[in-house]
Amino acid sequence: MLVSKQDPIVFNPILLPAHNPGPMTGRGNNTYLLVGSTGGATLIDAGIGESRHLAAIRQHLSDHRAALDQVLVTHAHPDHASGAPALASAHATARFHKYPWPEADESDVVEWRALNDGDRVLAGTESLIVLHTPGHAPDHVAFWHEASGTVFTGDLIVLGSSVMIHSSGGGDLGQYLASLERIRSLQPRQLLPAHGPAVTSPEAALTAYVNHRLARERQVIDALAAGRDTVESIAESIYDGLDPALMPAARETIRAHLDKLKKEQRAFEEDARWKA
Ligand SMILES: [Zn+2]
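Residues numbered from 1 in each chain as written. Predicted model: local features only at pLDDT ≥ 70, side-chain atom pairs only at ≥ 80, totals over all residues. Heavy atoms only, no water.

Observations concerning the overall build of the protein
Step number 1: A count of helical and extended segments in the protein gives 7 helices and 13 strands.
Step number 2: The C-alpha radius of gyration computed for the protein amounts to 20 Å, which stays within 12% of the reference 19 Å derived for 276 residues, consistent with globular compactness.
Step number 3: For the C-alpha atoms alone, the extent of the protein along its principal axes is close to 65 × 45 × 30 Å.
Step number 4: Across the 276 residues of the protein, 50% fall into the buried class.
Step number 5: Relative to all contacts within the protein whose residues are 6 or more apart in sequence, the contacts with residues 24 or more apart total 60%.
Step number 6: On the protein, roughly 13100 Å² of surface is accessible, and the fraction owed to carbon and sulfur atoms is 51%.
Step number 7: If the 24 positive side-chain charges of the protein are averaged to one point and the 33 negative ones to another, these points end up 4 Å apart. (Helix = DSSP H or I, 4+ residues; strand = E, 2+ residues; numbered from the N terminus. Rg over C-alpha atoms; globule rule 2.2 N^0.38 Å. Buried < 20%, exposed > 50% of the residue type's maximum accessible area, 1.4 Å probe, protein only. Contact = heavy atoms within 4.5 Å. Areas by Shrake-Rupley, 256 points an atom, 1.4 Å probe, with all protein chains shown as cover. Lys, Arg positive; Asp, Glu negative; His and termini not counted. Charge placed at Lys NZ, Arg CZ, Asp CG, Glu CD.)

So, in C-alpha cells, the structure goes:
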C-alpha cells in the first residue's frame, strides 16, 4: 500500500505496463498514471505507443472521468519516450515534459517542455519534485512525492538486475553513483522504477547497488594492476564464462568504470591501452 494509516493524503499511482518486453527491457516498462481529484491526470513515462498500453490509459481515464493533462518522461531512451507521438494524437490536451537533451530529443515529433532540477510539477493536488539524476542518461530525472515518501526512479534501479551505463551514449558512472546517493539521502519509503517490481526497502536496495558497483570497480583496479590493459582483456578476466551475447554489454560496463577512474585520475589511457 502506498498510504500509511496516519497519512491523510490519497496518492495511488496506477501501474500500467507498456507491453514492450525484450532483452533490454526485461518484462517491459512500467508507466504510472496519477489521477487527480480535479479530473486531470499525469502519466509518468510514455512507453512505446503499444496499443494495449494506449487502451489501458484510455480506460482508466474514462473510469475516472479524467483527461490526460501531462506526460512526464524520465529520460529520452526509446522505451520511455517513443510513445509520446501516439499519446499526443490520442490526447489533444496532453503536454509533454522532460529534462532537455538536445541530441536525443525528437523535438520535431512532440513539443517537449523543459523540466529542471528542483521544479515542482503539480499532479492533481499533489506536487512532484523533479530531481535531475544523470548517469544512466544525461537527461535522467526522478520524481519525488515527499508526502508519501515515493520516488519514481525511472532507470536508476532495477531489482534483481543492474542498470546499464552506456559510456558511449552519454552515461557516466560517477554521476550515476551520485544520483543513487541523492535518492538515498531523501530517505524514501518506496521506489517505483520503470522496470521490475516496486522497491519497498529503498535504503537496503540502494546500499546494495552502490556496494556492487564499488566491488566491480575494485575488480577493474585489480585487473589493471595485473597488467590487463584493454577494455576487452579486463572484461574477459572479470566476466569469465559469460554468455558471448552479453559480452558487448560487459565491455560497455568496463568502459564506464575506466572512464570514471580516468576522471578521478586513478587510471590513464594511451592508444586504447589502460594503466592504473
Ligand atoms: Zn534507459
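The structure having been displayed, the exposition proceeds.
Comments concerning the nonpolar core
Side chains of nonpolar character tend, in soluble globular proteins, to be buried together.
Step number 1: Core analysis: the biggest nonpolar cluster contains 22 residues, and Y176, L180, I183, L191 and Y209 have the highest contact counts within it.
Step number 2: Contributing elements (two or more residues each) for this core: β8 (126-132), β9 (141-145), α4 (173-185) and α5 (202-225).
Step number 3: Counting residues per element, this core draws most heavily on α4, at 5 residues.
Step number 4: With residues near it in sequence (within four places) discarded, L191 still touches V151, T153, I157, I183, A198, V199, P202 and L206.
Step number 5: Of all hydrophobic cores here, the second largest spans 20 residues; its members include A41, A46, A66 and A84. (Core = buried A, V, L, I, M, F, W, Y, C linked by side-chain atoms within 4.5 Å.)

So, the side chain of N30
Step number 1: Locating N30 in the fold gives a position in strand β2 (residues 30-35).
Step number 2: Side-chain polar atoms of N30 contact the side chain of Y32, separated by 3.5 Å.
Step number 3: N30 has contacts with L15, L16, D45, P193, A194, H195 and G196, leaving out every residue within four places of it along the chain. (Polar contact = N/O pair within 3.5 Å; in protein donor to acceptor, adjacent residues only side chain to side chain.)

What to know about the packing of α4 against α5
Step number 1: Following both chains from N to C, one finds α4 and α5 inclined at 160 degrees, their axes separated by 10 Å at the closest point. Comparing the axis directions of α4 and α5 gives the class roughly antiparallel. Viewed along their axes, α4 and α5 form a crossing whose handedness is left-handed. The residues of α5 that touch α4, namely those facing L173, Y176, L177, L180, E181, I183 and R184, are E203, L206, T207, Y209, V210, R213 and L214.
Step number 2: Split by residue class, the contact of α4 with α5 holds 9 nonpolar, 1 polar and 4 charged. (Axes fitted to C-alpha atoms, helices over the stretch in contact; angles between N-to-C directions. Parallel < 35°, antiparallel > 145°, perpendicular 65-115°, else oblique. Left-handed = near helix turned anticlockwise from the far one by under 90°. Nonpolar A, V, L, I, M, F, W, Y, C, P; charged D, E, K, R; others polar.)

Here we look at the coordination of the zinc ion
Step number 1: Summarising the metal site, the zinc ion is bound by the protein donors H75 (NE2), H77 (ND1), H136 (NE2) and D155 (OD), whose distances to it range over 2.1 to 2.3 Å.
Step number 2: Coordination at the zinc ion is irregular: its 4 donor atoms span angles of 90 to 174 degrees at the metal.
Step number 3: Sequence positions of the residues that donate to the zinc ion give the spacing H-x1-H-x58-H-x18-D. Of this pair, H75 sits in the loop between β4 (67-72) and α2 (78-81) while D155 sits in the loop between β10 (150-154) and α4; the two residues are 80 residues apart in sequence, bridging distant segments of the chain. For the pair formed by H75 and D155, the shared burial category is buried. (Donors = N, O, S within 2.8 Å, 3.2 Å for Na, K, Ca; no water. Tetrahedral: all angles 85-135°; square planar, octahedral: opposite > 155°, others 65-115°.)

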